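Residues per chain, in single letters:
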Amino acid sequence: GVRLLLHGLCSNTTVKSLDLKGNNLRSLGAEALGKLLRQNKSIRSLTLEWNSLGLWEEGFSFFCQGLRANSFLRRLDLRNNQINHRGAAELAMALAQNTSLQELDLRWNNIGLLGGRALLSCLNSNKSLKRLELAGNNVPGDILKAVEQALDHNQDREVILSEAQNQVNILSKEVLSLKDEKNKQFMDFLDTVDKQKEERARSEKMSAARVSQLQEALDEQYSIMNSLKSKLQMTEAALALSEQKVHNLGELLNAMKQEQNCVAECHFRELQQQKQEGADRESRLLHDLSAASEKNLLLRNQVDELERKCKLQQDQLLQLKQDLTNTTAELKLRAVEAEERLEMEKRRFKQSLEDLESLRVKEVARVAQHMEASERSMHGRIHSLEALRTSLEEELSQVKAAALTERGQAEQELMRVRSQARLEEQQRLEHLEEKLRLMTESRDEAQSCCLKQKEMVAEAQAKAKQLSLYADGLRRRLDELQQDLDSKEEEKVTELNKVKVELQEQIGHLEAERTAQEGLREKIAALERQLKALSSNHREALLDKEGEISLLLEKLRMKEAEISRMREEEAQRASFLQNAIMAYVQGSPLGTHSSRK
């Protein structure tokens with residue numbers, strides 16, 4: 001089963017952790033695990049606790065070969081697997097070539113002194129292992145301390161290498177970024193210089209064209225000024241005539257205003273009279289409305305009194321119903337008490353049972369008659385109260401309907417009166433507005449004529465002023481443009497000087513940065529030399545370990561040959577013994593007896 005499972009995991013790429021604790025895998029399982037470690041590239045953690053893998057040396061050697069070829073496993077747990085010093089030596093040879101395993105747990109095995117020395121020797125070539133647990137293996141304390149020191153050395157070495165690599169990466173990134181920034185700054189500076197030159201040439205061309213245009217416009221304005229002066233003289237003559245006409249029209253306008261004031265006073269008096277009449281009518285209607293509202297309030301008060309009476313009658317009905325229920329409950333209690341008394345009397349006086357029975361029947365009949373009479377009276381009172389309630393509700397509905405009809409009639413009459421008064425007032429106002437409109441139209445026509453003439457005069461004067469101001473502005477503009485040209489030339493000269501100074505400063509900064517970059521390059525070269533020296537030492541150590549491994553493999557082959565030879569000798573001895581036993585059995589009397597049978 002474990003062979004099938006591990007064969008399936010050989011091509012798996014998603015499983016990261018595998019736990020096979022306590023499965024008694026034996027030699028075939030160890031071989032399958034070695035194949036898994038050679039082919040699988042996804043498993044990072046492998047737990048093999050309590051599997052007795054160290055009992056079968058061949059299977060454990062296959063497992064160690066797979067571990068030697070694996071470069072992806074990070075954590076391996078081999079606790080309680082009965083690994084002896086030979087298994088530890090196999091494991092040490094595998095760890096000497098493994099470059100990925102970081103944690104190895106070998107607690108509670110039987111590694112001993114020789115196994116501890118083998119593991120310590122492999123740590124000289126293995127630089128990736130950071131944690132090795134050897135508790136419960138009969139390993140001396142000095143070897144354990146040496147193993148811890150080697151692991152600490154591995155950790156420090158990895159930290160130093162990672163820091164050096166990070167520094168190299170950071171420095172390379174900074175160098176590239178500085179180069180890019182300097183290139184960008186230099187290109188931007190060249191672009192700004194080119195743009196400034198183009199803008200200067202463009203501004204000179206524009207200023208020359210603008211000066212020529214302004215000179216032409218000035219000449220045109222002089223000619224326009226002469227023509228406007230002649231027009232101004234003509235408009236002054238026309239203005240004198242228009243002023244005389246305006247004076248005449250003003251006198252006519254004053255006369256019209258006096259007539260309009262008289263007519264407006266008459267209309268105002270008529271409007272006041274009409275407003276007085278409308279106010280009187282509204283006061284009458286309001287008085288009628290207040291009387292109707294008072295009637296409505298009285299009717300509402302009557303309705304409220306009727307509702308209170310209804311509520312009182314309903315309360316009385318509820319009280320009567322409660323009394324009825326109370327009386328029925330009391331009667332029932334009395335009946336229960338009478339029955340209890342009768343039962344006691346039955347127990348005490350068996351002889352007087354018949355008399356007491358007749359008395360009880362009479363009492364029950366009397367109580368039933370009393371209850372029926374009380375119920376009849378109550379039902380009669382209830383019927384009378386319900387009839388009274390229905391009559392009161394009918395009266396209330398009639399009163400409400402009458403109040404609503406009266407209120408509607410009063411509101412309709414009020415609306416009709418208001419609409420009549422509004423129509424009359426609107427007709428009068430329309431008549432007065434027509435008269436005012438005619439008067440205002442005549443007045444507006446006269447004022448428009450005067451305003452047109454004044455506007456013509458004002459426009460002529462404004463044009464003359466504008467032309468004179470425009471000519472002065474053009475002159476000032478020419479002076480300003482000349483001053484701007486001078487100032488721009490001075491600014492350009494100063495800007496060129498500033499640009500030269502900035503270029504010199506940037507060149508100095510670039511040289512300083514170049515020297516800093518050269519220093520960084522020297523540091524990088526020194527670090528690279530250190531890394532090359534470390535790699536060369538590592539390669540030499542690897543070559544030494546490979547020579548040792550080859551020697552150990554030869555020894556292993558020789559031992560395997562000896563073992564095979566010993567097995568053949570033992571097989572021959574076993575065959576000889578078997579033949580001797582068979583011969584002895586055939587030569588014994590038991591053998592002869594059995595052959596006879």
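Just so it is clear, the model here is predicted, and its values are computed rather than measured. (Residues numbered from 1 in each chain as written. Predicted model: local features only at pLDDT ≥ 70, side-chain atom pairs only at ≥ 80, totals over all residues. Heavy atoms only, no water.)

## Comments concerning the confidence of the model for the chain
Taken residue by residue, the chain gives an average pLDDT of 80. The fraction at 70 or more is 95%. Predicted confidence in the chain is weakest over helix 8 (residues 589-596), with a mean pLDDT of 45, and strongest over strand 3 (residues 75-77), with 95. Between residues 590-597, whose pLDDT stays under 50, and residues either more than four places distant or in other chains, the model counts three contacts. (pLDDT = per-residue confidence, 0-100. Helix = DSSP H or I, 4+ residues; strand = E, 2+ residues; numbered from the N terminus. Contact = heavy atoms within 4.5 Å.)

## A word on the sheet that holds strand 3
Taken in spatial order, the five strands line up as 1-2-3-4-5 in an open sheet, and their pairing is parallel. Of all the strands in the sheet, the pair left with one neighbour each is strand 1 (17-19) and strand 5 (131-133). Geometrically, the sheet is characterised by an average inter-axis angle of 0° between neighbouring strands, direction not taken into account. Pairing between strand 2 (residues 45-47) and strand 3: three bridges, direction parallel. Of the residues in strand 3, the one forming a bridge with Leu46 is Leu76. (Pairing = 2+ DSSP bridges. Axes fitted to C-alpha atoms, helices over the stretch in contact; angles between N-to-C directions.)

## Concerning the pattern of salt bridges
With the rule as written, the count across this model stands at 12 salt bridges. The residue Glu103 makes a salt bridge to Arg75 at a minimum N-O spacing of 3.7 Å. With a gap of 28 residues between them, Glu103 in strand 4 (residues 103-105) and Arg75 in strand 3 connect regions that are remote in the sequence. Relative accessible area serves as the criterion here: at 33%, Arg75 is assigned to the partly exposed category. One salt bridge connects Asp105 with Arg79, and the closest N-O pair in it is separated by 3.4 Å. Placement of Asp105 in strand 4 and of Arg79 in the loop between strand 3 and helix 4 (85-97) is noted, with a sequence separation of 26 residues between them. One salt-bridge network, in which partners are shared between bridges, spans Glu49, Asp77, Arg79, Asp105 and Arg107. (Salt bridge = Lys/Arg side-chain N within 4 Å of Asp/Glu carboxyl O. Buried < 20%, exposed > 50% of the residue type's maximum accessible area, 1.4 Å probe, protein only.)

## Section: the packing of helix 1 (residues 2-9) against helix 2 (residues 26-39)
Helix-helix packing is characterised by the crossing angle of the two axes and by the distance between the axes. Here helix 1 crosses helix 2 at 0°, and the two axes come no closer than 9 Å. As judged from the angle between their axes, helix 1 and helix 2 are roughly parallel. Contacts from Val2, Arg3, Leu6, His7 and Leu9 in helix 1 reach Leu28, Gly29, Ala32, Leu33, Lys35 and Leu36 in helix 2. Classifying every residue of the contact of helix 1 with helix 2 by side-chain character gives seven nonpolar, two polar and two charged. (Parallel < 35°, antiparallel > 145°, perpendicular 65-115°, else oblique. Nonpolar A, V, L, I, M, F, W, Y, C, P; charged D, E, K, R; others polar.)

## Notes on the UniProt feature "coiled-coil region" (unreviewed entry) in the chain
The sites that UniProt annotates as "coiled-coil region" (unreviewed entry) are residues 225-259 and 289-569. Counting secondary structure, residues 225-259 comes out at 100% helix and 0% strand; the distance between its end C-alpha atoms is 48 Å. (UniProt positions renumbered as here; feature names shortened; annotations may be inferred.)

## Structural notes on a nonpolar patch on the surface
Together, Leu577, Ile581, Tyr584 and Val585 make up an exposed nonpolar region whose accessible area comes to about 460 Å². A relative accessible area of 51% means that Ile581 is categorised as exposed. (Patch = residues over 30% accessible without salt bridge, like charges linked within 9 Å, V, L, I, M, F, W, Y side chains within 5 Å. Areas by Shrake-Rupley, 256 points an atom, 1.4 Å probe, with all protein chains shown as cover.)

## Some details on the environment of Leu298
Here Leu298 lies in helix 6 (residues 141-348). Accessibility expressed as a relative area gives 53% for Leu298, which makes it exposed. In sequence terms Leu298 and Leu78 are 220 residues apart; their C-alpha atoms lie 108 Å from each other.

## Observations concerning the side chain of Asn126
For Asn126, the location among the structural elements is in the loop between helix 5 (112-122) and strand 5. At 2.5 Å, the side chain of Asn126 forms a polar contact with the backbone oxygen of Leu95. Of the polar contacts made by the side chain of Asn126, one reaches the backbone nitrogen of Leu129; its length is 2.9 Å. Non-local contacts of Asn126, meaning those with residues more than four positions away in its chain, are made with Leu95, Asn98 and Asn154. (Polar contact = N/O pair within 3.5 Å; in protein donor to acceptor, adjacent residues only side chain to side chain.)

## Let's talk about the state of the cysteines
Tallied over the entire structure, the rule returns zero disulfides. Between Cys10, a free cysteine, and Cys64, which holds the nearest cysteine sulfur, the sulfur-to-sulfur gap is 17 Å. Judged by its relative accessible area of 9%, Cys10 falls in the buried class. Its sulfur unpaired, Cys122 is 11 Å from the next cysteine sulfur, which belongs to Cys64. A relative accessible area of 4% means that Cys122 is categorised as buried. (Disulfide = S-S within 2.5 Å.)

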